[in-house]
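Residues per chain, in single letters:
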Amino acid sequence: MGDLVMNDEFLATVEGDLGQMKDRLYEPLDAIKRADPSAVGEPELIEKVEHFKDRWDHSIDQMCEATGNAQEQLQKIREGFAKVDADLAAALGGE
């Protein structure tokens, strides 16, 4: 049987990175929203740029929801491992 190893420092880093995803994802979207689509010229191209902006906005919302859910689940996992570790230490007479 193998050993179970959990690196809380690494998981905390991943959890923090997930928490920053919203800002990282919305930054380019904000730049797109500030841009003037008419600058691309042709009406058909303007329409496609507007469509892309709307789809990007929707996709970012979905990705942010998913990363938020992943962050919450990772936090629960870390808490669960911490409890198991404390319970095991107590059972072995470490506390």
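The present account deals with the structure reproduced in this document. (Residues numbered from 1 in each chain as written. Predicted model: local features only at pLDDT ≥ 70, side-chain atom pairs only at ≥ 80, totals over all residues. Heavy atoms only, no water.)

### Considerations on the pattern of salt bridges
Here comes step 1: On inspection of all chains with the given rule, the structure shows 5 salt bridges.
Here comes step 2: With a shortest N-O distance of 2.7 Å, aspartate 8 and arginine 78 are connected by a salt bridge. Of this pair, aspartate 8 sits in helix H1 (residues 8–34) while arginine 78 is found in helix H2 (residues 43–91), placing the two residues 70 residues apart along the sequence.
Here comes step 3: Residue lysine 83 is joined to aspartate 87 by a salt bridge in which the shortest nitrogen-to-oxygen separation is 2.7 Å. On the criterion of helical spacing, the pair formed by lysine 83 and aspartate 87 is a turn pair, its members being 4 residues apart in helix H2.
Here comes step 4: Put simply, Asp8, Glu15 and Arg78 are held in one network by salt bridges that share partners. (Salt bridge = Lys/Arg side-chain N within 4 Å of Asp/Glu carboxyl O. Helix = DSSP H or I, 4+ residues; strand = E, 2+ residues; numbered from the N terminus.)

### Overview of the nonpolar core
Here comes step 1: The biggest cluster of nonpolar side chains holds 5 residues, and these are Leu25, Tyr26, Leu29, Ile60 and Cys64.
Here comes step 2: Those elements that provide at least two residues to this core are H1 and H2.
Here comes step 3: When residues of this core are assigned to their parent elements, the largest contribution, 3 residues, is made by H1.
Here comes step 4: Not counting residues up to four positions away in its chain, the partners in contact with cysteine 64 are Lys22, Leu25 and Tyr26. (Core = buried A, V, L, I, M, F, W, Y, C linked by side-chain atoms within 4.5 Å. Buried < 20%, exposed > 50% of the residue type's maximum accessible area, 1.4 Å probe, protein only. Contact = heavy atoms within 4.5 Å.)

### With respect to H1
Here comes step 1: Under the 1.5 Å per step criterion, the end-to-end length of H1 is 40 Å for 27 residues, consistent within 8% with the ideal 39 Å.
Here comes step 2: Along its length, H1 shows its largest kink, about 40 degrees, at glutamine 20.
Here comes step 3: For H1, the full list of buried residues reads Leu11, Glu15, Leu18, Leu25, Tyr26 and Leu29.
Here comes step 4: Residues of H1 that are buried sit in contact with H2.
Here comes step 5: For H1, the N-terminal capping position is held by asparagine 7, with its side-chain oxygen 3.1 Å away from the main-chain nitrogen of glutamate 9. (Expected span 1.5 Å × (residues − 1). Bend = angle between axes of the 7 residues up to and from the residue. Polar contact = N/O pair within 3.5 Å; in protein donor to acceptor, adjacent residues only side chain to side chain.)

### Quick look at the packing of aromatic side chains
Here comes step 1: Evaluation of the coordinates by the stated rule reveals 1 aromatic pair.
Here comes step 2: Taking the centre distance of 5.8 Å and the plane angle of 35 degrees together, the rings of phenylalanine 52 and tryptophan 56 count as tilted. Here the residue phenylalanine 52 and the residue tryptophan 56 both occupy positions in helix H2, the gap between them amounting to 4 residues, near one helical turn. (Phe/Tyr/Trp six-rings, centres within 6.5 Å; stacked < 30°, edge-to-face > 60°.)

### Some details on the packing of H1 against H2
Here comes step 1: Two elements in contact, H1 and H2, have axes separated by 10 Å at closest approach and are oriented at 165 degrees. When the interaxial angle is binned, H1 and H2 end up roughly antiparallel. The interaxial crossing formed by H1 with H2 has left-handed handedness.
Here comes step 2: Among the residues forming the contact of H1 with H2, the class breakdown is 17 nonpolar, 4 polar and 8 charged. (Axes fitted to C-alpha atoms, helices over the stretch in contact; angles between N-to-C directions. Parallel < 35°, antiparallel > 145°, perpendicular 65-115°, else oblique. Left-handed = near helix turned anticlockwise from the far one by under 90°. Nonpolar A, V, L, I, M, F, W, Y, C, P; charged D, E, K, R; others polar.)

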